[in-house]
Amino acid sequence: ETGVTQTPRHLVMGMTNKKSLKCEQHLGHNAMYWYKQSAKKPLELMFVYNFKEQTENNSVPSRFSPECPNSSHLFLHLHTLQPEDSALYLCASSPAFVDRIYSGNTIYFGEGSWLTVV
Amino acid sequence: QKEVEQDPGPLSVPEGAIVSLNCTYSNSAFQYFMWYRQYSRKGPELLMYTYSSGNKEDGRFTAQVDKSSKYISLFIRDSQPSDSATYLCAMSAETPFNDYKLSFGAGTTVTVRA
């Protein structure tokens, strides 16, 4: 157990569906992240929240919509996805940034949600 | 040029062998270097974490950083079948700006044969 829990672990959705991925962390962290992992590619940072405030949107298409209601929970709302969006979506958390300076503490990942778009 | 280069392998070794993994990078500002292990269909888990140059040892694992060559390595001694996984290198810079982003390698898949 990493302290970061993701649900569902597997999701198959059609291109016209709307679904959501959920992430919850039990580490007392205040920063949360969404990453995309595709085969043979480096992890791609999608979104970052620090104290519930979005601090990064890494040119992610609007069909991905994040939501962070509190420091322990993070959602990724999905709608009208494309087959190329099929990937492993990883949630992560870390201690918060202080004065926008990264302390170098590393991040902890959940086990991921496998998404297949058909 | 990719910011972080990592040979994807796959790498297959017999049990008990030394596994040698490495990454090269282009950003001289990187100060923090990490190795993550990812088992099949699982999320990455932190394995080793070093700051700046030098060596760090933890049991059978040794991480080395050579900032002058922009080269980092991970060695696994007395490898076991349970070490079979994908190993990801990651690094970040420490700047006054909003640079909390980790830059990842693509990962090297390792199989240790019993």
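Here, the structure is the one placed above.
Quantities reported herein were computed from a predicted structural model and do not represent experimental measurements.

> I'd like to hear about the pairing of strand E3 (residues 19–25) of chain B, residue by residue, with values.
Consecutive residues of a regular strand have side chains that alternate between opposite faces of the sheet. Residue and element names in this part refer to chain B. Covered by surrounding structure in E3 are Val-19, Leu-21, Cys-23 and Tyr-25 only, the residues Ser-20, Asn-22 and Thr-24 on the alternate face being uncovered. Pairing geometry for strand E1 (residues 4–6) and E3, over three bridges, is antiparallel. For Glu-5, the partnering residue across the bridge sits in E3 and is Thr-24. Summarising the sheet, E3 and strand E8 (residues 71–76) pair through six bridges and their orientation is antiparallel. Bridge pairing in E8 links Cys-23 to Ile-72.

> Break down the nonpolar core for me, citing the residues and quoting the values.
Trp-35, Ile-72, Leu-74, Tyr-87 and Met-91 of chain B are the most contacted members of the largest nonpolar core, which totals 24 residues. Where this core is concerned, the elements lending two or more residues are E3, strand E4 (30–38), strand E5 (45–51), strand E7 (61–66), E8, strand E9 (85–93) and strand E11 (108–113) of chain B. Take this core: its biggest share by element is five residues, from E9 of chain B. By size, the runner-up hydrophobic cluster in this structure holds 22 residues, among which are Cys-23, Met-32, Cys-68 and Ala-87 of chain A.

> Describe the packing of aromatic side chains, listing the residues and the values that go with them.
Residues and elements named next belong to chain B. Inspection of the entire model under this criterion finds eleven aromatic pairs over all chains. With 4.9 Å between their ring centres and 45 degrees between their planes, Tyr-32 and Tyr-51 make a pair best called tilted. Residue Tyr-32 is located in strand E4, and its partner Tyr-51 is located in strand E5; the two are separated by 19 residues in the primary sequence. Looking at Tyr-32, the relative accessible area reads 6%, which means it is buried.

> Lay out the sheet that holds E8 of chain B in plain terms, naming residues and giving numbers.
Residues and elements named next belong to chain B. In spatial order, the strands read E1-E3-E8-E7-E6; together these five strands make up an open sheet with antiparallel pairing. With one partner strand each, in any of the chains shown, E1 and strand E6 (54–58) form the two edges of the open sheet. The mean inter-strand angle of the sheet, taken between neighbouring strand axes irrespective of direction, is 15 degrees.

> An account of the state of the cysteines is requested, with residue identities and associated values reported.
The tally for this structure, following the rule as stated, stands at two disulfides over all chains. Across the disulfide from Cys-23 of chain A sits Cys-91 of chain A; the S-S distance is 1.9 Å. An S-S torsion of about -75 degrees defines the bridge between Cys-23 of chain A and Cys-91 of chain A as left-handed. Within this pair, whereas Cys-23 of chain A is found in strand E3 (residues 18–25), its partner Cys-91 of chain A is found in strand E9 (residues 87–94), the two being separated by 68 residues in sequence. The exposure class assigned to Cys-23 of chain A is buried, which follows from its relative accessible area of 0%. On the basis of relative accessible area, Cys-91 of chain A is assigned to the buried category, the value being 0%. The residue that forms a disulfide with Cys-23 of chain B is Cys-89 of chain B, at a sulfur-sulfur distance of 2.0 Å. On the sign convention where negative means left-handed, the S-S torsion of about -105 degrees between Cys-23 of chain B and Cys-89 of chain B marks this disulfide as left-handed. Of this pair, Cys-23 of chain B sits in strand E3 while Cys-89 of chain B sits in strand E9, and the two are 66 residues apart along the sequence.

Rules used throughout
Throughout this description, residue numbers start from 1 for each chain and increase along the sequence as written. Ligands are numbered from 1 and chains lettered from A, in the order in which they are written. Local features in this predicted model are restricted to residues of pLDDT 70 or higher, and side-chain atom pairs are both shown and tallied only at a pLDDT of 80 or more, whereas totals for entire chains, interfaces and linings draw on every residue. Here the side-chain values reflect all heavy atoms present in the structure, with hydrogen atoms and water set aside. With a 1.4 Å probe rolled over the protein chains alone, any residue whose accessible area is under 20% of its type maximum counts as buried; one over 50% counts as exposed, and the rest are partly exposed. Numbering of helices and strands runs from the N terminus, with a helix taken as a DSSP run of H or I at least four residues long and a strand as a DSSP run of E at least two residues long. A strand pair is defined by DSSP finding two or more bridges across the two strands. For the purposes of this section, nonpolar cores are sets of buried Ala, Val, Leu, Ile, Met, Phe, Trp, Tyr and Cys residues that join through side-chain atoms within 4.5 Å. Aromatic pairing here means that ring centres of Phe, Tyr or Trp (its six-membered ring) are within 6.5 Å. Orientation follows from the plane angle: under 30 degrees is stacked, over 60 is edge-to-face, and everything else is tilted. Under this scheme, a helix contributes an axis fitted over its contacting stretch, all axes are lines through C-alpha atoms, and angles between N-to-C directions fall in the 0 to 180 degree range. Working definition: a disulfide is two cysteine sulfur atoms within 2.5 Å of each other.

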